Amino acid sequence: MTGVPASAAGGTGRRPAPGAKLGAAAVNQASLWNIANILTMIRLVLVPGFVLLLLADGGYDPVWRAWAWAAFAVAMITDIFDGHLARTYNLVTDFGKIADPIADKAIMGSALICLSWLGDLPWWVTGVILGRELGITLMRFWVIRYGVIPASRGGKLKTLAQGTAVGMYVLALTGPLASLRFWVMAVAVVLTVVTGLDYIRQAVVLRRLGLEAERAER
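Residues numbered from 1 in each chain as written. Predicted model: local features only at pLDDT ≥ 70, side-chain atom pairs only at ≥ 80, totals over all residues. Heavy atoms only, no water.

Peer 1: Could you give an account of the confidence of the model for the chain, naming the residues involved and the relevant values?
Peer 2: Chain-level pLDDT for the chain is 83 on average; 86% of the residues reach the 70-or-more range. Confidence drops under a pLDDT of 50 for residues 1-30, and excluding neighbours within four residues, the segment shows four contacts in the predicted structure. (pLDDT = per-residue confidence, 0-100. Contact = heavy atoms within 4.5 Å.)

Peer 1: Account for the nonpolar core, with residues named and values stated.
Peer 2: Counting 30 residues, the largest nonpolar core has Phe50, Phe72, Val166 and Met185 as the members making the most contacts within it. Residue assignment for this core shows that the elements contributing at least two residues are α2 (35-55), α3 (62-88), α4 (94-117), α5 (123-143), α6 (153-170) and α7 (176-217). If we ignore the near neighbours within four places in the chain, the residues touching Met185 are Leu121, Val125, Ile129, Ala165, Val166 and Tyr169. In terms of nonpolar packing, the next biggest core, distinct from the first, is built from seven residues, Met139, Tyr146, Ile149 and Tyr199 among them. (Core = buried A, V, L, I, M, F, W, Y, C linked by side-chain atoms within 4.5 Å. Buried < 20%, exposed > 50% of the residue type's maximum accessible area, 1.4 Å probe, protein only. Helix = DSSP H or I, 4+ residues; strand = E, 2+ residues; numbered from the N terminus.)

Peer 1: Explain unusual backbone geometry to me, using residue names and the numbers behind them.
Peer 2: At Asp57, a position not held by glycine, the phi torsion is positive, near 55°. Overall, the relative accessible area of 60% leaves Asp57 in the exposed class.

Peer 1: Got a sec to walk through the packing of α3 against α4? Specific residues and values, please.
Peer 2: Where α3 contacts α4, the axes come no closer than 11 Å and their chain directions differ by 155°. Between α3 and α4, the angle falls in the class roughly antiparallel. As for the relative orientation of α3 and α4, their crossing is left-handed in sense. In this structure, α3 uses Arg65, Phe72, Ala75, Met76, Asp79 and Asp82 to contact α4, whose residues at the interface are Asp100, Asp104, Ile107, Met108, Ala111 and Leu115. Grouping the amino acids of the contact of α3 with α4 by side-chain chemistry returns seven nonpolar, no polar and five charged. (Axes fitted to C-alpha atoms, helices over the stretch in contact; angles between N-to-C directions. Parallel < 35°, antiparallel > 145°, perpendicular 65-115°, else oblique. Left-handed = near helix turned anticlockwise from the far one by under 90°. Nonpolar A, V, L, I, M, F, W, Y, C, P; charged D, E, K, R; others polar.)

Peer 1: Tell me about the packing of α4 against α5, and please be specific about residues and values.
Peer 2: Following both chains from N to C, one finds α4 and α5 inclined at 160°, their axes separated by 9 Å at the closest point. By the angle class used here, α4 and α5 are roughly antiparallel. Taken as a pair, α4 and α5 cross one another with a handedness that is left-handed. Facing α4, whose interface residues are Lys105, Gly109, Leu112, Ile113, Ser116 and Trp117, α5 presents Trp123, Thr126, Ile129, Leu130, Glu133 and Thr137. Broken down by class, the residue content of the contact of α4 with α5 amounts to six nonpolar, four polar and two charged.

Peer 1: Requested: an account of α2, with residues and values cited.
Peer 2: Every α-helix winds through 3.6 residues per turn, so residues three or four apart in the chain are directed the same way. Taking 1.5 Å as the rise per residue, α2 with 21 residues should run 30 Å; its terminal C-alpha atoms sit 30 Å apart, in good agreement. The largest bend along α2 reaches roughly 30° and is located at Val47, with the proline Pro48 sitting one to four residues downstream. Taken residue by residue, α2 has Ala36, Asn37, Leu39, Thr40, Met41, Arg43, Leu46, Val47, Phe50 and Leu54 as its buried positions. Along its buried surface, α2 packs onto α3, α4 and α6. (Expected span 1.5 Å × (residues − 1). Bend = angle between axes of the 7 residues up to and from the residue.)

Peer 1: Break down α3 for me, citing the residues and quoting the values.
Peer 2: For α3, spanning 27 residues, the distance from its first C-alpha to its last is 39 Å, which sits close to the expected 39 Å at 1.5 Å a residue. Between the side-chain oxygen at the start of α3 and the backbone nitrogen of Val63 there is a gap of 2.8 Å, and the oxygen is on Asp61. Looking at the residues trailing α3, positive phi occurs at Asn90, about 55°. (Polar contact = N/O pair within 3.5 Å; in protein donor to acceptor, adjacent residues only side chain to side chain.)

Peer 1: Could you give an account of the side chain of Thr78, with specific residues and numbers?
Peer 2: Within the secondary structure, Thr78 sits in helix α3. Non-local contacts of Thr78, meaning those with residues more than four positions away in its chain, are made with Leu39 and Arg43.

Peer 1: So what's going on with the environment of Arg140? Which residues, and what values?
Peer 2: Within the secondary structure, Arg140 is located in helix α5. The class for Arg140 is partly exposed, based on a relative accessible area of 30%. Spatially, the C-alpha atom of Arg140 lies 9.3 Å from that of Ile200, the residues being 60 residues apart in sequence. Among all residues touching Arg140, those that are not within four sequence positions of it are Ile149 and Tyr199.

Peer 1: Which residues make up the pattern of salt bridges, and what values do they have?
Peer 2: With the rule as written, the count across this model stands at nine salt bridges. Where Arg201 meets Asp198, a salt bridge forms, and the shortest distance between an N and an O atom there is 2.9 Å. Taken together, the residues span about one helical turn, with Arg201 and Asp198 both in helix α7 at a distance of three residues. Overall, Arg201 belongs to the partly exposed group, its relative accessible area being 48%. We note a salt bridge from Glu212 to Arg208, for which the minimum N-O separation is 3.5 Å. Note that Glu212 and Arg208 are positioned in helix α7 at a spacing of four residues, about one turn of the helix. Glu212 gets classed as partly exposed once you look at its relative accessible area, which sits at 38%. Note on Arg208: relative accessible area 42%, which makes it partly exposed. (Salt bridge = Lys/Arg side-chain N within 4 Å of Asp/Glu carboxyl O.)

Structure, rendered in structure tokens:
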């Protein structure tokens, strides 16, 4: 109750039309289908397609691997644009907050597991990267009541290094490029560990400050 007549507040003083609330709900529901969420959905749909392409014909056909790389590249590109569009044009939705990180981890996790299963990538590399991603996700939930740990520049560089390295492993490379991808993956693993430790440090500090603030309020 504001104490201001409906006519003064810009209203007509009449009851809403019978379909007004339904129309407003339809508009809110339609907001789910914005360009950022559509890109996220495309990335989710690409995951099973990528796996099928990568494992087609035993997983060692260069042509199928090239198609798999194309699907992986599209997924990585949409990952860059959907978040940027959501923040720039205020298209952030609850669906996007949940689906975006799931799509990111699904495409990267499926690529790592398939490459290790094919024998192209050591399982310990897959374990380190996936263990870090899962651990950091759980840690974010652990401290979410005290605040949000923002994505750091190192974290973004880690994501770029991982995407580049995995993409090179998806392609059937030979010669110097096959050797180069080993070093790119080595950089990605180092960044994965270093940024993971930094996130743990931030989480510990954030929780400690949060607990101190709670004690001060009592």
